[in-house]
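# Working through the structure, step by step
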Amino acid sequence: MIKAELVVSSPNAEVFLSSLRPEVGREFSRTCTEVSGSNGTMSVSITADDTTAMRAALNSCLECIKVIESIDKITKVKNE
């Protein structure tokens, strides 16, 4: 088993959590993912059977975070 923990501090941490929870709730045969957070920090814990599964799980989480950050940036520019 391979384990990784991704910790993100951001004003958008609560949005990250609510966006990732549906993904975490799905069952995958080679990974187990848990999310938690509070006070502007989010933690993602991943346990995977192999490096390929770990990479896929991390990429999925990071891509979701990237999209949320991009949307936040766009909406801030439009509101200025």
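Residues numbered from 1 in each chain as written. Predicted model: local features only at pLDDT ≥ 70, side-chain atom pairs only at ≥ 80, totals over all residues. Heavy atoms only, no water.

## Details of the overall build of the protein chain
- A count of helices and strands for the protein chain gives two helices and three strands.
- Overall, the protein chain shows an N-to-C arrangement of helices and strands of β-α-β-β-α.
- If one aligns the C-alpha atoms of the protein chain with their principal axes, the spans along those axes are about 45 × 25 × 20 Å.
- Residue burial in the protein chain is summarised as follows: out of 80 residues, 29% are buried.
- Entry remark: accessible area of the protein chain is about 5400 Å², with carbon and sulfur atoms responsible for 53%.
- Looking at charge distribution, the protein chain has the averaged site of its 9 positive side-chain charges lying 5 Å from that of its 11 negative ones. (Helix = DSSP H or I, 4+ residues; strand = E, 2+ residues; numbered from the N terminus. Buried < 20%, exposed > 50% of the residue type's maximum accessible area, 1.4 Å probe, protein only. Areas by Shrake-Rupley, 256 points an atom, 1.4 Å probe, with all protein chains shown as cover. Lys, Arg positive; Asp, Glu negative; His and termini not counted. Charge placed at Lys NZ, Arg CZ, Asp CG, Glu CD.)

## A short note on the pattern of salt bridges
- This structure, assessed with the given rule, holds one salt bridge.
- Linking R30 and D50 is a salt bridge whose minimum nitrogen-to-oxygen distance equals 2.9 Å. Of this pair, R30 sits in the loop between helix 1 (13-25) and strand 2 (31-38) while D50 sits in the loop between strand 3 (41-48) and helix 2 (51-79); the two residues are 20 residues apart in sequence, bridging distant segments of the chain.
- When its relative accessible area of 25% is taken as the criterion, D50 is described as partly exposed. (Salt bridge = Lys/Arg side-chain N within 4 Å of Asp/Glu carboxyl O.)

## Topic: the sheet that holds strand 1 (residues 2-9)
- Taken in spatial order, the three strands of this open sheet run 1-3-2, and their pairing is antiparallel. Both edges of this open sheet fall to strand 1 and strand 2, since each of them pairs with a single strand only. Taken pair by pair, the neighbouring strands of this sheet meet at an average axis angle of 15 degrees, ignoring direction.
- Both strand 1 and strand 3 contribute to a ladder of eight bridges, which runs antiparallel. What sits directly across from A4, in strand 3, is I46.
- Helix 1 contacts strand 1, strand 2 and strand 3 of the sheet and is inclined by roughly 155 degrees relative to strand 2. (Pairing = 2+ DSSP bridges. Axes fitted to C-alpha atoms, helices over the stretch in contact; angles between N-to-C directions. Contact = heavy atoms within 4.5 Å.)

## Considerations on the state of the cysteines
- Summed over all chains, the structure comprises zero disulfides.
- In this model C61 remains outside any disulfide bridge; the closest cysteine sulfur is found in C64, 7.6 Å from its own. (Disulfide = S-S within 2.5 Å.)

Geometric values such as these leave the question of function open.
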